[in-house]
Structure formats: C-alpha cells, structure tokens
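Residue-level structure breakdown
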Amino acid sequence: MNSTKLTSAPVPSEHVYKTIRTSVITAQNRIYSAVNSAMVTAYWEIGEQIYKACGENDRAEYGKNLLQYLSDRLTAEFGKGFDESNLRKMRRFYLTFPIRDTLCPELSWSHYRVLMRVTDDKARDFYTEECAKSAWSVRQLERQIHTMYYQRILASSDKDSVAGEIQRTEPKPEYEKAIKDPYVMEFLQIKPDTHIYEGEIEGALIAHLQDFLLELGRGFSFVARQKRFTLNGQDFFIDLVFYNYILKCFVLFDLKTGILTHQDLGQMQMYVNYYTRELMNEGDNPPIGIVLCAEKNDAIVKYTLPEGNHQIFASKYLTYLPTEEEWKKELRLDAFIRLDE
C-alpha cells in the first residue's frame, strides 16, 4: 500500500513575522490604553479624597500637614509621582472635571494636565472633545491651545438666523466651520519678512504634511499637489487638493504670497467649477476652494464673490507663531469685520 505524504506550501517567514508583530502591537496598545485609563481614574479618585478631606486649598494647617503626610507615605510605597505638587494637581483635576463619567479613556494624565490650564469652560470642553476624536498627542494639544484654535473656530463661524433657518429646513455641510482664518504654519520655520516664492511654500507644506493636516483640522486627507487639468489646450494647476470625509467634498488650495486680488478669487472660482462639473464623485457635496494669501483684503472678498457664497473662501496664512496680543488683535479685527457686514 502506497502512502502519500501531504505537504502544504510553506508560508513566507516575513508574512508570519508581520502577522505576529501586529498581534503583539495590538495587545500592547490595549494594555497601555487600559493602564492609562485606570491611572487617570485613580488620580481623579485621589483628588476627590483630598478635596473631601481638606477642601479646595490647603492654607489651613491641617491641609498642609495632610498633603505632606500623604506624599511621604505614597512615595515610600509607590515611588515617584506623589509629591505634594502632583497631589494638588490631582485635586485640581477632580475640581476641573467633577463628573467622573465624563472622563475620556482616550486621554492620558498628561493630556488632562494640559487641559486643566484652559480656564474657559467651553474652550476646555471643546479641546477635550476634539483631542479625543482626533487622537491628538500631548504636543499637538498644546499647539492647538497655544494657537487659540477654539477662538479661531468661533471667529470664522457664520451663525446668523437666516442661515440657521436654511440649515433646519434643508441641511447642508457647514463649510464655514471647517475654514480657519488665519492658518498658522509656524512649523515651516520661515522667519518674518522673509521673501519666499509660492512654490517654496507649497514644497515646505508637503514636507511638513502631517503638521499641515493638523492645522487644517479634522477630516482632511491629502489628494494631490499641482493637480493639472486642460481647457482647450491650456494647462491649469491647482496647488493642493485635499478631501474632507466629514464634509464629504474636495477642498482646493491656491497659495499666494502677496495681497489677495479679485483675479485670485476668480481663478479659484474656475477651479471649483471644474471640479464640480468634472471630478465630483457620486454622493459628494460641492467642492470648496480656499485662497491662502499673505495679506487678505476683506472688501475684495465681499464685492468679488456673490452674496450667499459658500464655496469660495480666502484665508490669511502666518508663517510664525503670533504673540497673545497679536492673536487678540487678529480676532477682534475679524469680529469687527463680520459685524460691519
């Protein structure tokens, strides 16, 4: 009786390794997330107990002695991380986020330490939600707070009653909420008053694409650079093309190093029209176009674009991080312009 030995084709070693590696990394991430969430909850509970024991501050002698006593005992048993300063932060954590169920398991203790510095409740809630949704790192969260992302979003929002009525009867994507003005691109490391060509800015943005995507906000993915299309033998190039999966539309960027002109807006209108008629996919919303310029003339924007425009925008870009006073001036100016309109 002849017996045949069944053999199967060997699986490539590299494939086996990658499969196992993925499993290990997935497990590590789950463990890290579980430990991180448990520690955040523990710090919240510690803060609650300290607050119940000695109140909001430790000016009284009992409060001072209690914190020192707790610090000495906890440090001796569990090591670093329980000095008096950190215990005060835990109490502040409890006071800042008094409802335990609102804590986000996606955020670390380091995230919460940054969020506690935000004094405005609405701004802090906004940053907490955005940080969890967008999976910001601690560094990214600090940058968004430092560049007053929340205030810029508020300054660029259009919430008049007529538009609100239209949204209730026929919901449309709120494009304005996704557009910033200005865009802060200090990560390009271009010194103020430095002459630079549009192509150089474009190249620098591509080289720092991750930072640029962070500045753009949620939902953006990169599609193309120098997107070419031809009309009657004449070539045209769109500097940068993105797709926003939240708005469900293409977002076109044109870079201008000078003062905004009506020709710039007209050119962007042509780009948007082309994308609308030729490149929209089924289920897409109409594309939007953003002219990024060094200096924006709001009067030019107002009288070049038609009333009720929701597709063409102009935003100023900054290649350096402004001071807090410069930010306040920028935001006050924007609010004044919108009231004047």
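Heads up: the structure comes first, above all this text.
All of the points below concern the structure found in this document.

Parameters at a glance
- Residues numbered from 1 in each chain as written.
- Predicted model: local features only at pLDDT ≥ 70, side-chain atom pairs only at ≥ 80, totals over all residues.
- Heavy atoms only, no water.
- Core = buried A, V, L, I, M, F, W, Y, C linked by side-chain atoms within 4.5 Å.
- Buried < 20%, exposed > 50% of the residue type's maximum accessible area, 1.4 Å probe, protein only.
- Helix = DSSP H or I, 4+ residues; strand = E, 2+ residues; numbered from the N terminus.
- Contact = heavy atoms within 4.5 Å.
- Axes fitted to C-alpha atoms, helices over the stretch in contact; angles between N-to-C directions.
- Parallel < 35°, antiparallel > 145°, perpendicular 65-115°, else oblique.
- Left-handed = near helix turned anticlockwise from the far one by under 90°.
- Phe/Tyr/Trp six-rings, centres within 6.5 Å; stacked < 30°, edge-to-face > 60°.
- Salt bridge = Lys/Arg side-chain N within 4 Å of Asp/Glu carboxyl O.
- Pairing = 2+ DSSP bridges.
- Right-handed = clockwise from strand over helix to strand, strands pointing away.
- Disulfide = S-S within 2.5 Å.

1. Re the nonpolar core
Formed by 32 residues in total, the largest nonpolar core has its most connected members in Phe-93, Trp-109, Tyr-112 and Tyr-127. Counting residues per element, the ones that place at least two in this core are α1 (13-54), α2 (61-78), α3 (84-96), α4 (109-115), α5 (121-134) and α7 (149-155). No other element matches the five residues that α1 contributes to this core. Once residues within four sequence positions are removed from consideration, Tyr-127 is found in contact with Leu-115, Val-118, Trp-136, Leu-141, Gln-144, Ile-145, Met-148, Tyr-149, Tyr-150 and Gln-151. Phe-229, Tyr-243, Leu-252 and Val-291 belong to the second largest nonpolar core, which has 21 residues in total.

2. What to know about the packing of helix α6 (residues 138-146) against helix α11 (residues 209-216)
Contact geometry for α6 and α11: axes closest at 11 Å, N-to-C directions at 50°. Taken together, the axes of α6 and α11 are oblique relative to one another. Where α6 crosses over α11, the two elements pack in a sense that is right-handed. Between α6 and α11, the contacting residues are Arg-139, Gln-140, Arg-143 and Gln-144 on the first element and Gln-210, Asp-211, Leu-214 and Glu-215 on the second.

3. Overview of the packing of aromatic side chains
Within a pair of aromatic rings, the relevant descriptors are the distance that separates the centres and the angle that separates the planes. According to the stated counting rule, one finds 22 aromatic pairs in the structure shown. Their ring planes at 50° and their centres at 5.2 Å tell us that Phe-126 and Tyr-150 sit as a pair that is tilted. Here the residue Phe-126 occupies a position in helix α5, and Tyr-150 occupies one in helix α7, the gap between them amounting to 24 residues. Of the two residues examined, Phe-126 and Tyr-150, each falls in the buried class. Among the aromatic residues, those joined into a ring-pair cluster are Tyr-43, Phe-78, Phe-82, Phe-93, Phe-97, Trp-109 and Tyr-112.

4. Brief notes about the pattern of salt bridges
Taken as a whole and assessed by the stated rule, the structure comprises 11 salt bridges. Between Arg-228 and Asp-235 there is a salt bridge whose closest N-O contact spans 3.2 Å. A relative accessible area of 52% means that Arg-228 is categorised as exposed. When salt bridges with common partners are traced through the structure, they connect Asp-254, Lys-256 and Asp-264 into a single cluster.

5. Topic: the pairing of strand β6 (residues 312-318)
Of all seven residues making up β6, seven are buried, and the element is well covered by its neighbours. Every second residue of β6 is oriented toward a common face, with Ile-312, Ala-314, Lys-316 and Leu-318 on one face and Phe-313, Ser-315 and Tyr-317 on the other, all of them buried. Examined bridge by bridge, strand β5 (residues 288-295) and β6 share five bridges and lie parallel to one another. Bridge pairing links Gly-289 to Ile-312 in β6. Taking the sense of rotation as the criterion, the β-α-β connection linking β5, helix α13 (residues 298-304) and β6 turns out right-handed.

6. A word on the state of the cysteines
All chains considered together, the criterion is met by zero disulfides. Summary of cysteine pairing: Cys-131 is not part of a disulfide, and the nearest cysteine sulfur, belonging to Cys-104, is at 8.3 Å.

7. Remarks on the pairing of β5
β5 sits mainly inside the fold: six of its eight residues count as buried. Pairing of strand β4 (residues 249-259) with β5 involves seven bridges; the strand directions are parallel. Within β5, the position partnered with Leu-255 by the bridge is Leu-292. A crossover connection joins β4 to the parallel β5 through helix α12 (residues 262-279); in handedness this β-α-β unit is right-handed.

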